Amino acid sequence: MKPLKLRTKIILFTTLIVVGVVSGSFFLINQVVRDQVRSRLVHDLERSQKTLDQAQKNRLRELVAYSVIASENSTLKAAIETFQIEMRSGSATPVLDQLRRTVENEATKLFLILSADLLIITSNQGQILAIQGIEENSIPTDFNLLAQRSIVNSLLSQPLDFAEAASIWQVGAKVYRMVSVPILLQDIVVGTLSTGFEISPGLVATIKSNTDSDIVYSAGGNIVASTLGSVQNEALKSYLRQLPMSQLQVARTIQAEVKLAGETYLTLRVSAGDVAGGAFVVLNSIDQAMQATMGDIRQTLIWTGLISTVIAILLGLSLSESVTRPLMRFVGFMQGITRTGDLNQQFQSGAPNYEVDALARSFERMARSLNESQQQMANYDRELRQREIDEEKLRSLATRSRLDALISQINPHFLFNALNTVSVLIDENPTEARRLTLKLSNIFRQTLMASEREMISVQQELNFIQDYLEIEKARFGERLHIQQEVHVTEAGIPCFTLQPLVENAIKHGAAPKVGRTTICIQVNQTGNRLTIEVADDGVGMPERPIQEILSNGYGLKNLIDRLTILYASDFSWNFESQPRKGTRVRLDLPANPVRTA
């Protein structure tokens, strides 16, 4: 390692520490300031909402006061009452038109007197009789306003506060905030008088001038009035479209942090809860507030960071000089040992340096100890390798000896049972006995060949037990029936896997049973697993512990012992038996290919 590299690392390390501290301080301050700014903006939004609500309430109450006075117009009352009577009696259209014109004339006079942007006179069924402030041709024929909340409220026997029950009515691109009062004739409601003010860009601009917050009114998926720019308006429309309809119609206020055209805003959406879905959105820019607050702090942190970096570089130079010079002498000492291989060299110290000198003395002691133990380690390594080889040979011989012992137990036991079967037939059917004797010799030959191999194929195992089954069929006749459902034949299994299962099925299932017994042999493969199942419908056995079954069943215990040696925990088996229903033994083994000798 060159001194320049270590010196550079020390300088970079100290500089990075300083930069990290300054950067961390900046981010911490930025987060604290952001939280404070956000808290202040929340307060500003709430204040702006109150100003907005108060401005609307004042305007609505003013309209209610004027509308109540205007609704006392006797000419208007009489015309509306007569119009409704003539409508019910089915009078001619000219009469109705005359009455409608009377209502319209009175509406024109009232509109000139009232300070309103919209005036509507309806019957007590919500039918529009006169309208001022918008073109009449923009309203469909027979249009009904009975769904408007303010009109429904004014028709009630005990209406709520008219200003609180105000509603939104959108006509084309314009949106109006409406209040309605009943037109009474002798305490009977004959119609309604509705007045309203337009929610326009001028209105939101006036409110912004009093609150310093941006004000937007959105209705029907469009921006009706806004103090934002066009780009922010489009982004806000996309955001509002994503809100659930339930929030647009029910929730009174929703506060959120929204990114519009790359700028982050804290927003407060104020909904009237009206079916029109219109809502005011009050916005304050978090980015602009942060910029105004963090400007001086950011400049101070930048100067602090620059000065601290210069100081860190100077300190790093001084520190690296005091460390690298004695350290390089120690490096030269170690390189000398590497070149010569002499572990008995001694470190020659220049200027005293406690840390490096202590390290050198420790290295010298380690080198001497290493030199002394090298030979011992070499000898020990040779002895250990030889011991591992000998132990592996012993383990292999022990496993093979145990397997051979288990297999050697199977051969005489199996052949003894087969000889008993043939001996029974010698007196009864000598010809059949001779044929089965040939089968027995074939079984004996296959037993000798199979026992010399650890693994055989499923087909070889089936061939092996086929001759045995021929002998047993001759003994049991029609009482014994064999079914085979073998779907894989080339997979490798340990020799004498199927034979003890089939022998147990005959001995414990078929022999004690009166009548026919069916033995089913199934072999299936799923992925890399092999399933072997031998089932019979013989006499079965009563329920008892598995250990008791293994202790009484010689062939099954022998098979489980051999599979445990070969597969350890990579196999499983299941034993099921019920009296008078039969027995089922299932093995689950790895589906390994046959290994030829």
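Basis of the calculations
- Residues numbered from 1 in each chain as written.
- Predicted model: local features only at pLDDT ≥ 70, side-chain atom pairs only at ≥ 80, totals over all residues.
- Heavy atoms only, no water.
- Buried < 20%, exposed > 50% of the residue type's maximum accessible area, 1.4 Å probe, protein only.
- Helix = DSSP H or I, 4+ residues; strand = E, 2+ residues; numbered from the N terminus.
- Pairing = 2+ DSSP bridges.
- Axes fitted to C-alpha atoms, helices over the stretch in contact; angles between N-to-C directions.
- Contact = heavy atoms within 4.5 Å.
- Polar contact = N/O pair within 3.5 Å; in protein donor to acceptor, adjacent residues only side chain to side chain.
- Patch = residues over 30% accessible without salt bridge, like charges linked within 9 Å, V, L, I, M, F, W, Y side chains within 5 Å.
- Areas by Shrake-Rupley, 256 points an atom, 1.4 Å probe, with all protein chains shown as cover.
- Salt bridge = Lys/Arg side-chain N within 4 Å of Asp/Glu carboxyl O.
- Phe/Tyr/Trp six-rings, centres within 6.5 Å; stacked < 30°, edge-to-face > 60°.

1. Let's talk about the pairing of strand E2 (residues 128–132)
Counted residue by residue, E2 has five buried out of five residues, so it is predominantly covered. Of the strand pairs in this sheet, strand E1 (residues 118–123) and E2 are connected by four bridges, and their pairing is antiparallel. Note on E2: the bridge partner recorded for Ile121 is Ala130. Taken together, E1 and the strand that follows it, E2, pair antiparallel across an intervening segment of four residues, in which Gly126 is found at a positive phi of about 85 degrees.

2. Re the sheet that holds E2
The strand order E2-E1-E5-E4-E3 describes an open sheet built from five strands, whose pairing is antiparallel. The open sheet has two edge strands, E2 and strand E3 (167–171), and neither has a second partner. When the angles between neighbouring strand axes are averaged without regard to direction, this sheet yields 30 degrees. Strand direction decides the pairing type here: strand E4 (residues 174–185) and strand E5 (residues 188–198), joined by 10 bridges, are antiparallel. Considered in E5, the bridge of Tyr176 is made with Glu198. In the packing of helix H2 (residues 74–89) onto the sheet, contacts are made with E1, E2, E4 and E5, and the angle to E4 comes to roughly 85 degrees.

3. Some words on the side chain of Ser226
Structurally, Ser226 is set in strand E7 (residues 222–226). Owing to a relative accessible area of 19%, Ser226 belongs among the buried residues under this scheme. For Ser226, the side chain forms a polar contact with the main-chain nitrogen of Leu228, separated by 2.9 Å. A polar contact of 2.6 Å, which involves the side chain of Ser226, links it to the side chain of Asn233. Those residues in contact with Ser226, other than ones at most four positions away along the chain, are Val204, Ile215, Val216 and Asn233.

4. Focus on a nonpolar patch on the surface
Together, Phe13, Ile17 and Val21 line one region of the surface with nonpolar side chains, adding up to about 300 Å² of accessible area. With respect to the helices and strands, the residue Ile17 is situated in helix H1 (residues 3–70). Judged by its relative accessible area of 43%, Ile17 is partly exposed.

5. Brief notes about the packing of aromatic side chains
Per the stated rule, a full pass over the model turns up three aromatic pairs. Seen in terms of ring centroids, Tyr217 and Phe280 are 4.7 Å apart; in terms of plane orientation they differ by 65 degrees. Their pairing is edge-to-face. With Tyr217 in strand E6 (residues 214–219) and Phe280 in strand E10 (residues 279–285), this pair connects stretches of sequence that are 63 residues apart. Each member of the pair, Tyr217 as well as Phe280, carries the same accessibility label: buried. On the numbers, 5.3 Å between centres and 80 degrees between planes, the contact of Phe464 with Phe496 is edge-to-face. Residue Phe464 is found in helix H11 (residues 458–476), and its partner Phe496 is found in the loop between strand E13 (491–494) and helix H12 (498–510); the two are separated by 32 residues along the sequence. Phe496 carries the same exposure label as Phe464, and that label is buried.

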